[in-house]
Amino acid sequence: MVGMGVREIYESMSYGPAPESADLANEWLDSHGRSFGLFIDGQFADAESGQKFETLNPATAGPLALVSQAGPHDVDRAVAAAERARKDWLALGGYGRAKVLYALARQVQKHSRLFAVLESLDNGKPIRETRDIDIPLVARHFYHHAGWAESVERDFPRMKPVGVCGQIIPWNFPLLMLAWKIAPALAWGNTVVLKPAEYTPLTALLFAEICQRAGVPNGVVNIVTGDGETGKLIVDHPGIHKIAFTGSTEVGRAIRVATAGTTKKLSLELGGKSPFVVFEDADLDSAVEGLVDAIWFNQGQVCCAGSRLLVQESIEKKLHAKLRERMEKLRVGSPLDKAVDIGAIIAPVQLERISALVDEGARDGAELFQPSWSCPKEGWFYPPTLLSNVGPASRVAQEEIFGPVLVSMSFRTPKEAVELANNTVYGLAASVWSESLGRALDVAARIKAGTVWVNCTNLFDGSVGFGGYRESGFGREGGVEGLMEYAVEMLPPAVETASSAPRERTGLDRTHKQYIGGKQARPDSGYSLAIGGEDAPRGNRKDVRNAVEAARSAQAAWGAAPAHSRAQILYYLAENLSASDGLDCPDSEKEAAVRAAFRFAGRADKFEGRVHEPPLRGVVYSRYEPIGVVAIVCPDELPLAALAGSVSSAISMGNAVVVVPSEADPLPGEELIHVLEASDIPAGVVNIVSGLRSELVETLARHDDVDAMWCFAGDLEQVRRLSASNLKQTWTPEPFDWRSALELPDVFLRHATQVKNVWVPYGD
Ligand code: NAI
């Protein structure tokens, strides 16, 4: 250094390593002889088969420990233990459970260093992330849910815990995903059987020990390690009442099909291809730092990674230049080095997939940029990568790469930005960058995603629900919506109803019609069904397709209309229903139908989101958004009231519907057409296709442009199974008493909406 000026010293200085010691984690592993059993009923024991597999350190490819592969008998034991523990755990009461959750939060904090190092060793993610993000968020999740445990029974008197929960988690955020699943389940008084990913089981096993110390009663938390086969055993187990899964869309779909024949509650948190939208008025330096967090956090192995950069054309070159300069300075290396930005990729199979996709992108004409330095040779590393000039339809623009690879496309106008952002089957998250808050919030409202970060990215909190739209899955984790995933609604039980007398034909012979796109339409087949004394139209596939198309084109404007306008239109519908004398049904049913329409009109501008206050300077607001096109299959009970009630609930929240009236008695519903025609409901918002359920339901359940399906009669298993095609949301309850249920509007409205959380930090 002698003779060097300050300037030269600064220019020649490079980072020295700042390693975190692995001693604590190694001691813990050694104290277990680097071999682990399953945690069932409060005890560790080897799997019955004695089979074990290795978990490896992705940064060295060296073994860390052996863990047990749980088989059928082990999963049986875990489910039985969870079932046995259920009664006392629930009887402990909210305060008792809250104390246990609080103790878990404290234990996680007390052992945070061990957890952080162990997680970095097992997963390959930088210690800065495990220490500053994963583990603090785990503790926060348990604290937040300790509060809920104390109040759920008071806050949600019509809900009860779902039972034994099977939880299957991935390897990218092992302990965080465990916390997201276990905390809300326990808060309600459920018990769990959780399977960590085969690549990253260690922090879950350490958590099992923490459970012993925190006073979690035996059997309340059971941790079974193993691969996808163990996962399948959990999914298929008849003693499990709810499956919560986070992982690939492919496995999510398989689980949807596997659980179709059961009443298991299901939540799926799947893949994404989240847009990161940068407008020309954004603070570009902040946006570049945002990109570092969006796509290089956790090596890009993040379901909500901002993996698609959409940049306004006028600043594309400038942003790319800044980004390349920043990429050159990123450091890839040992996860335990505190100065490292990017750690190791989880496994060779993932590394191969990443390189294959990048090679394909480059072959297809994308411009490839990677920094000039090279990655460590030991272990599994991949450099930060930018693919620009990518075609929107190319594979790298559409498929989840799940690695440190950013693909970039440009847009000219905000409208084009929104179209590109929504040009994906996924809808997990998005990030919008603009110094104009008006523009950013407007775009946030238009993007179809469960989370939108404004001028920020990858922020999470226990109080804010996280989960996807469309093929990113359904259900939320965190926040009040996440809590709802671990409870079931107590719908009023079904009552026996006397079947109505056959209709008498009165007056002239009539040709009944369907109602599609605001017009009366003859059924495509030209056939009718003889119902009682009359003929009802027999719709077919083509009618269903036309109805879905009409609903799709009407939905965007209806969903964007102010709730007040939708309310007014529904009030008017209720008025016309009340005045109609063509409705051929008992007065009490007509009155129930009118009341339902009136009630949902009243709720249209009241069932709304809330404001969250996570630990950040800023605000998160949640919007309850419509799901989109909802198909409704009506029951035979109360044909008019069930039809009017379900339709008005769905449309009150901005959905458009395709409704199949009661098969046994579609005619009162058909009279509704005249009421609709006399009301101001825009064409296409309500479409009525009557006929045989067996013919219509299959087409609806298979249709990729139907976003949700409420099926109150017919083959529910078929609906759940076929819904896997586009992962549409399903509501397929056992029969219930409609007259009483319509008095509980929010039950319907919860199914009619999905929550979007918009994060808006503020301050300089
Ligand atoms: P995966 O979906 O196979 O694994 C996730 C979990 O599901 C693991 O615990 C696994 O053992 C379990 N599992 C696998 N097959 C199962 C089955 N048939 N039934 C029940 N459980 C089963 O994900 P994988 O193979 O580890 O990664 C493949 C791709 O999935 C990644 O490249 C990425 O695109 C995506 N992925 C998405 C994640 C997310 O957070 N959304 C997390 C992990 C992976």
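Located above this text is the structure these notes cover.
K.L.:
I'm lost on the sheet that holds strand S11 (residues 275–278) in this one. Help?
P.N.:
Pairing between the strands of a sheet comes from backbone hydrogen bonds, and it takes one of two forms, parallel or antiparallel. The sheet built from ten strands is open, its strands ordered S13-S14-S15-S12-S11-S16-S17-S31-S25-S24 with mixed pairing. Only two strands of the sheet have a single partner each, and these edge strands are strand S13 (367–369) and strand S24 (611–612). As paired elements, S11 and strand S16 (residues 429–433) share three bridges and run parallel to each other. Within S16, the residue paired with Val-278 across the bridge is Trp-433. Strands in contact with helix H16 (residues 437–446) are strand S12 (308–312), S16, strand S17 (451–454), strand S25 (618–626) and strand S31 (753–761); relative to S31, the strand with the most contacts, it is inclined by about 155 degrees. Along the sheet, helix H26 (residues 745–752) contacts S25 and S31; its crossing angle with S31, the most-contacted strand, is approximately 65 degrees.

K.L.:
Would you explain the site of the ligand in this entry?
P.N.:
Neighbouring the ligand are 25 residues, the closest being Ile-169, Trp-171, Lys-195, Glu-198 and Ser-248. The separation between an oxygen atom of the ligand and a polar side-chain atom of Trp-171 is 2.6 Å. The separation between an oxygen atom of the ligand and a polar side-chain atom of Asn-172 is 3.3 Å. Notes on the ligand: free accessible area 810 Å², of which the protein chains cover 86%. Of all the secondary structure elements, the ones that give two or more residues to the shell around the ligand are helix H9 (228–236), strand S9 (242–246) and helix H13 (348–363). Sorting elements by how many residues they give to the shell around the ligand places H9 first, with four residues. The residue makeup of the shell around the ligand, split by class, is eleven nonpolar, seven polar and seven charged.

K.L.:
Help me understand the packing of aromatic side chains, please; the structure alone is not making it clear to me.
P.N.:
As enumerated under the stated definition, the model contains 26 aromatic pairs in all. An angle of 80 degrees between the planes, with centres 6.4 Å apart, marks the rings of Trp-171 and Tyr-199 as edge-to-face. Of this pair, Trp-171 sits in the loop between strand S6 (164–168) and helix H7 (174–188) while Tyr-199 is found in the loop between strand S7 (191–195) and helix H8 (202–214), placing the two residues 28 residues apart along the sequence. Judged by its relative accessible area of 11%, Trp-171 is buried. Its relative accessible area of 31% is what places Tyr-199 among the partly exposed residues. Three or more aromatic residues joined by ring pairs make a cluster, and in this case those are Phe-600, Trp-710, Phe-712, Trp-731, Phe-736, Trp-738 and Phe-748. A cation sits over an aromatic face here: Arg-324 above Phe-369, 5.6 Å from the ring centre.

K.L.:
Before we go on, may I ask you to explain the pairing of strand S27 (residues 656–660) in this structure?
P.N.:
Here is the key point about a regular strand: its side chains alternate between the two faces of the sheet. For S27, a buried count of five out of five residues is recorded, marking the element as mostly surrounded by other parts of the structure. Burial of the side chains of S27 extends over both faces: Ala-656, Val-658 and Val-660 are buried on one face and Val-657 and Val-659 on the other. Direction of pairing for strand S26 (residues 629–633) relative to S27: parallel, over a ladder of five bridges. Looking at S27, one finds that Ile-632 is bridged to Val-659. Pairing of S27 with strand S28 (residues 686–688) involves three bridges; the strand directions are parallel.

Cut-off values and rules
- Residues numbered from 1 in each chain as written.
- Predicted model: local features only at pLDDT ≥ 70, side-chain atom pairs only at ≥ 80, totals over all residues.
- Heavy atoms only, no water.
- Pairing = 2+ DSSP bridges.
- Helix = DSSP H or I, 4+ residues; strand = E, 2+ residues; numbered from the N terminus.
- Contact = heavy atoms within 4.5 Å.
- Axes fitted to C-alpha atoms, helices over the stretch in contact; angles between N-to-C directions.
- Near = heavy atom within 4 Å.
- Polar contact = N/O pair within 3.5 Å; in protein donor to acceptor, adjacent residues only side chain to side chain.
- Areas by Shrake-Rupley, 256 points an atom, 1.4 Å probe, with all protein chains shown as cover.
- Nonpolar A, V, L, I, M, F, W, Y, C, P; charged D, E, K, R; others polar.
- Phe/Tyr/Trp six-rings, centres within 6.5 Å; stacked < 30°, edge-to-face > 60°.
- Buried < 20%, exposed > 50% of the residue type's maximum accessible area, 1.4 Å probe, protein only.
- Lys NZ or Arg CZ within 6 Å of the ring centre and 35° of its normal.

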